[in-house]
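Residue-level structure breakdown
Now for the letters of each chain:
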Amino acid sequence: MAFAQNQFNLVENPVKHDDINALAHLARININDDLLDNVTDNINSILSLVDQLQQASTDDVEPMYHPLDATQQLRADEVTETDNRQALQANAPATEAGLFLVPQVIE
Amino acid sequence: MHHYTIAELMKSLRNKEFSSVELTQHYLERIKQLDSQFNSYITVSSEQALLSAQQADQALAKGNASDLCGIPIAHKDLFCTQGTLTSCGSKMLSNFVPPYNATIVENLANAGAVSLGKTNMDEFAMGSSNESSFYGASKNPWNIDCVPGGSSGGSAAAVAAQLAVATTGSDTGGSIRQPASFCGLTGLKPTYGRVSRWGMVAYASSLDQAGPIARTAEDAAIMLNAMASFDDKDSTSVDIEKSDYKASLNDSIKGLRIGVPEEYFQDGLDNDVATLVNAALAEYEKMGATLHPISLPHTHLAIPAYYVIAPAEASANLSRFDGVRYGHRCDDPKDLMDLYKRSREEGFGDEVKRRILVGAYALSAGYYDAYYRKAQQVRRLIKQDFVDAFTQVDVIAGPVVPNPAFGIGEKSTNPVSMYLEDIYTLPTNLAGLCGISLPCGLSSDNKPVGLQLTGNYFAEAKLLNVAHQFQQHTDHHKKTAPISNASNKLNSNQ
């Protein structure tokens, strides 16, 4: 993924329309052209806010990915529930013969 | 009977002053008559509630019912409820009817609680005002021109308007404590891992935690007793024994060491809030506690760290909403990419999209170290501030929010101004600690103000004890929102 700027100094190098379009593609969200100015401004103001992180001195600080530094709880790999496909698929927008229907992906 | 707390209702039900069915009918009638003012409910489950109430009455008649048996509560609309719409305040899930119950829904049902329905919330729990809900803003019962807070805004408004005696909420950055503060209620965010997240629609998985919103600390303790459990369906659930949160409510707090962080009383704190919080601290001193100035020097970095970590986790969590297996799907997709992009464009609101985009940015190649990793390093610094503080003090006290409830529309156009609301609540989530908000008075314009207590890991019983003792010595928690247009019938039927 290439963005228009490669520095972290976002206050001086805000993200631009192209960046937003690239991000929106990554996130699989369509953004209408007429909203692009507004979205870009808002994302830039948020990125300016979070850019304050760069002031923090974090040399030798271990990143904290879990609040209790706990490892993942594991359980025995046992079957606890029987087939529930019908109930689970009741929420699907389109199904057929127990399958989820989507637009054709293979020619 | 809607003025009663859970503790009072427990006695009345056992003394046969009224049945759970009568109580439930009363609440359902109040919701029907009053909730158009507050928009606190998304779904009201009348039939199911009455059925649960009948079963509760049978259990009560047998004489061995648990505390919550027959007590009418409501769930934030992000807890999956089998057979009942679980919208998460989003168009994306406005047609989603879960085939299973969240663990806490199951726990509360097993305890005999009667669910009246599902409460309004900011979309996917992203917000501090309840204004981002697809179902419209919920209103603050103390002042309907003001927000009830968020994201558990409907849960707080419903209790404040006495349309449920207590509710469930979730707190990722303050979403239980801030609305509790804005609505004059007691709200508890348990330690990360204390309450199961299974069946709770995920926003930021390393920060999310479910908890109760109630009228008193005692009620919150009764709720937490039922909600807390180890759950092997939640890989982040912590397998340590839970306390009986009611058992220690009456312990003496003489000699309790209360830490007062200087960073929580600086610029930006509203005068009324500062005055009321300081008065609450003085009250604690009278009760035999001692106050100790402390420093949490990385507090100012909590907002930037949170607004990297939470959006990053949200962008991953919300990738499941793709228009294929459940949730909103756009009309006539021309191909799979179009299906994804338009379903998500149409299904998500502005704030959710913003956070997904920020998260995608923070996680993208070349930016991960500068944002996500950096934020996780800062997170450890914030945690270490608390670990250091808790070597000197038992609990930490300060304001919940810099100001009382703000006006509807006042902050909704500027996302960053909304984010600044969370300055005092975010650090608790980043560190994974428990925190409680309890009422400590009314501002000069008659809006509730909350006191926040932060406790050490798994110190919920201590927090509830310290909050309960305050409520034994003060009556701030007994003040109720001035509800207008209540019918005479409802007013007389207390």
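The structure displayed is predicted, hence computed values, not measured ones.

The rules behind the values
- Residue numbers run consecutively from 1 along every chain, following the written order of its sequence.
- Chains and ligands are labelled sequentially in the order written, the chains with letters from A and the ligands with numbers from 1.
- A pLDDT threshold of at least 70 governs which residues receive local features in this predicted model, and a stricter bar of 80 or more applies before side-chain atom pairs are shown or counted, although totals over entire chains, interfaces and linings include all residues.
- Side-chain numbers here rest on the full set of heavy atoms in the structure, without hydrogens or water.
- A helix here means a DSSP run of H or I that spans at least four residues, while a strand means a run of E at least two residues long, and both kinds are numbered starting from the N terminus.
- Our radius of gyration looks at C-alpha atoms and nothing else; its globule reference is 2.2 Å times the residue count to the power 0.38.
- Each residue gets one of three labels from its accessible area relative to the maximum for its type: buried under 20%, exposed over 50%, partly exposed in between, using a 1.4 Å probe on protein chains only.
- Any pair of residues with heavy atoms lying within 4.5 Å of one another is described as a contacting pair.
- The protein chains shown are the only cover counted for residues, whose accessible areas, like all others here, come from Shrake-Rupley with a 1.4 Å probe.
- In this charge count, Lys and Arg are treated as positive and Asp and Glu as negative; neither His nor the chain ends contribute.
- To locate a charge, take atom NZ for lysine, CZ for arginine, CG for aspartate or CD for glutamate.
- Each axis is a line fitted through C-alpha atoms, and for a helix only the stretch in contact is used; angles between axes span 0 to 180 degrees, taken between their N-to-C directions.
- Oblique is the label for any angle not covered by the other classes, which are roughly parallel (under 35 degrees), roughly antiparallel (over 145) and roughly perpendicular (65 to 115).
- Ten residues, namely Ala, Val, Leu, Ile, Met, Phe, Trp, Tyr, Cys and Pro, are considered nonpolar, four, namely Asp, Glu, Lys and Arg, are considered charged, and the remaining ones, Gly among them, are considered polar.
- Criterion for a salt bridge: a side-chain nitrogen of Lys or Arg within 4 Å of a carboxyl oxygen of Asp or Glu.
- In short, DSSP must find at least two bridges between two strands for them to pair.
- Take the accessible area each of two parts loses on contact, using a 1.4 Å probe, and add the two losses: that sum is the buried area.
- Each residue after the first adds 1.5 Å to the expected span of a helix.
- Two N or O atoms form a polar contact when they lie within 3.5 Å of each other; inside protein one atom must be a possible hydrogen donor and the other a possible acceptor, and for residues adjacent in sequence the pair counts only when both atoms belong to side chains.
- The criterion for an aromatic pair is that two Phe, Tyr or Trp rings (for Trp, the six-membered ring) have centres within 6.5 Å, with stacked assigned to planes under 30 degrees apart, edge-to-face to planes over 60 apart and tilted to the rest.

This brings us to the overall build of chain B. Of regular secondary structure, chain B possesses 16 helices and 11 strands. The globule rule puts the C-alpha radius of gyration for 494 residues at 23 Å, and the 21 Å found for chain B is close to it. In chain B, which comprises 494 residues, the proportion classed as buried is 68%. A separation threshold of at least 6 residues defines the contact pool for chain B, and within that pool the share at least 24 residues apart is 76%. As displayed, chain B offers around 15700 Å² of accessible surface, 46% of which is attributable to carbon and sulfur atoms. Of the charged side chains in chain B, 42 are positive and 52 negative; the average position of the first set lies 2 Å away from that of the second.

Residues and elements named next belong to chain B. Between helix H4 (residues 103-110) and helix H7 (residues 217-227), whose axes approach to 8 Å, the crossing angle comes to 110 degrees. Overall, the two elements H4 and H7 adopt an arrangement that is roughly perpendicular. On H7, the residues touching Ile104, Asn107 and Leu108 of H4 are Met223, Ala226 and Met227. Among the residues forming the contact of H4 with H7, the class breakdown is 5 nonpolar, 1 polar and no charged.

This brings us to the pattern of salt bridges. One pass over the full model with this rule turns up 15 salt bridges over all chains. Linking B:Asp77 and B:Lys118 is a salt bridge whose minimum nitrogen-to-oxygen distance equals 3.0 Å. Of this pair, B:Asp77 sits in the loop between strand S2 (72-76) and H4 while B:Lys118 sits in strand S3 (residues 114-119), and the two are 41 residues apart along the sequence. A residue is classified by how much of its surface remains accessible, and B:Lys118, at 1% relative accessible area, is buried. It is possible to trace a salt-bridge network through shared partners that takes in A:Asp69, B:Arg380 and B:Lys383.

The subject of this paragraph is the pairing of strand S6 (residues 210-214) of chain B. Residues and elements named next belong to chain B. Counting buried positions over the 5 residues of S6 gives 5, a clear majority of the element. Pairing analysis gives 4 bridges linking strand S4 (residues 166-170) to S6, with the strands arranged antiparallel. By the bridge assignment for S6, Thr167 is matched with Ile213. Sheet topology note: the strand S5 (residues 186-189)/S6 ladder contains 2 bridges and is antiparallel. Opposite Gly187, over in S6, you have Ile213 as the bridge partner.

Many structure descriptions define interface size as the accessible area lost when the parts assemble. Taken together, the contacts link 73 residues of chain B with 54 residues of chain A. Between chain B and chain A lies a buried interface of about 5700 Å² when both sides are counted; carbon and sulfur atoms form 67% of it. Ranking the residues of chain B by area buried against chain A places B:Leu357, B:Tyr361 and B:Arg380 at the top, with a combined share of 12%. Here chain B and chain A share 2 salt bridges between them. B:Arg380 is paired through a salt bridge with A:Asp69; the nearest N and O atoms lie 3.0 Å apart. Of all the secondary structure elements, the ones that give two or more residues to the side of chain B that touches chain A are helix H9 (302-317), helix H10 (336-347), helix H11 (350-363), helix H12 (369-389), helix H13 (415-419) and helix H14 (426-431) of chain B. Of the residues forming the side of chain B that touches chain A, the biggest block, 13 residues, is contributed by H12(B). Grouping the constituent residues of the side of chain B that touches chain A by class yields 43 nonpolar, 13 polar and 17 charged.

Here we take up the sheet that holds S6(B). The strands making up a sheet are joined through hydrogen bonds of the backbone, oriented either antiparallel or parallel. All names here are of chain B. Pairing is mixed across the open sheet formed by 11 strands, whose spatial order is S1-S3-S2-S4-S6-S5-S10-S11-S9-S7-S8. If you trace the sheet from one side to the other, it starts and ends with strand S1 (41-44) and strand S8 (290-294), each paired once. Taken pair by pair, the neighbouring strands of this sheet meet at an average axis angle of 30 degrees, ignoring direction. Across the face of the sheet, helix H3 (residues 46-62) comes into contact with S1 and S3 while running at roughly 155 degrees to S3. Of the strands in this sheet, S2, S4, S5 and S6 are in contact with H7, which crosses S6 at around 150 degrees.

Turning our eyes to something else, we now look at H10(B). The terminal C-alpha atoms of H10(B) lie 16 Å apart, and with 12 residues this matches the ideal 16 Å at 1.5 Å per residue to within 8%. Regarding H10(B), the residues found buried are B:Asp338, B:Leu339, B:Lys341, B:Arg342, B:Ser343, B:Arg344, B:Glu345 and B:Gly347. Structurally, H10(B) contributes buried residues whose contacts are with helix H1 (17-26) of chain A together with H11 of chain B.

All names here are of chain B. Interaxial distance between H9 and H11 falls to 7 Å at its minimum, and their mutual angle equals 100 degrees. What the angle tells us is that H9 and H11 run roughly perpendicular. Contacts from Tyr307, Val308, Pro311, Ala312 and Ser315 in H9 reach Arg355, Ile356, Val358, Gly359, Ala360, Ala362 and Leu363 in H11. Here the residues of the contact of H9 with H11 are counted per class, giving 9 nonpolar, 2 polar and 1 charged.

Following the sequence through the fold, B:Glu345 ends up in helix H10. Here A:Asn30 takes part through its side chain, which lies 3.1 Å from a polar atom of the side chain of B:Glu345. Other than its neighbours up to four places away in sequence, B:Glu345 contacts A:Ile29, A:Asn30, A:Asn32 and B:Lys353.

This part covers the pairing of strand S10 (residues 434-442) of chain B. Residues and elements named next belong to chain B. Within S10, 8 of the 9 residues are buried, which leaves it mostly tucked inside the rest of the structure. Relative to S10, S5 runs antiparallel, the two sharing 3 bridges. Paired with Lys189 across the strands is Gly435, a residue of S10. Looking at chain direction, S10 and strand S11 (residues 448-455) are connected through 8 bridges and run antiparallel. Along S11, the bridge assignment pairs Cys434 with Gly455. Hairpin connection from S10 to S11: 5 residues lie between these consecutive antiparallel strands, with Asn446 at a positive phi of about 65 degrees.

We now examine unusual backbone geometry. A cis amide bond, omega 10 degrees, links B:Gly150 with the succeeding residue B:Ser151. Within the fold, B:Ser151 resides in the loop between S3 and helix H5 (153-160). With a phi angle near 55 degrees, A:Arg28 is a residue other than glycine that sits in the positive phi range. By secondary structure assignment, the location of A:Arg28 is in the loop between H1 and helix H2 (36-50). Taking the relative accessible area as the measure of exposure, A:Arg28 reaches 28% and is therefore partly exposed. The backbone of B:Gln162 shows a phi angle near 60 degrees, a positive value even though the residue is not glycine. Within the fold, B:Gln162 resides in the loop between H5 and S4.

Residue and element names in this part refer to chain B. Applying the stated criterion across every chain, the model contains 18 aromatic pairs over all chains. A centroid spacing of 6.0 Å and a plane angle of 70 degrees characterise the contact between Phe321 and Tyr326, whose relative ring orientation is edge-to-face. Residue classification places Phe321 among the buried positions, given a relative accessible area of 4%. Ring centres of Phe321 and Phe348 lie 6.4 Å apart, and the angle between their planes is 90 degrees; this geometry places the pair in the edge-to-face category. On the criterion of sequence distance, the pair formed by Phe321 in the loop between H9 and H10 and Phe348 in the loop between H10 and H11 is long-range, its members being 27 residues apart.

Without other data, these values stay purely geometric and don't point to any function.
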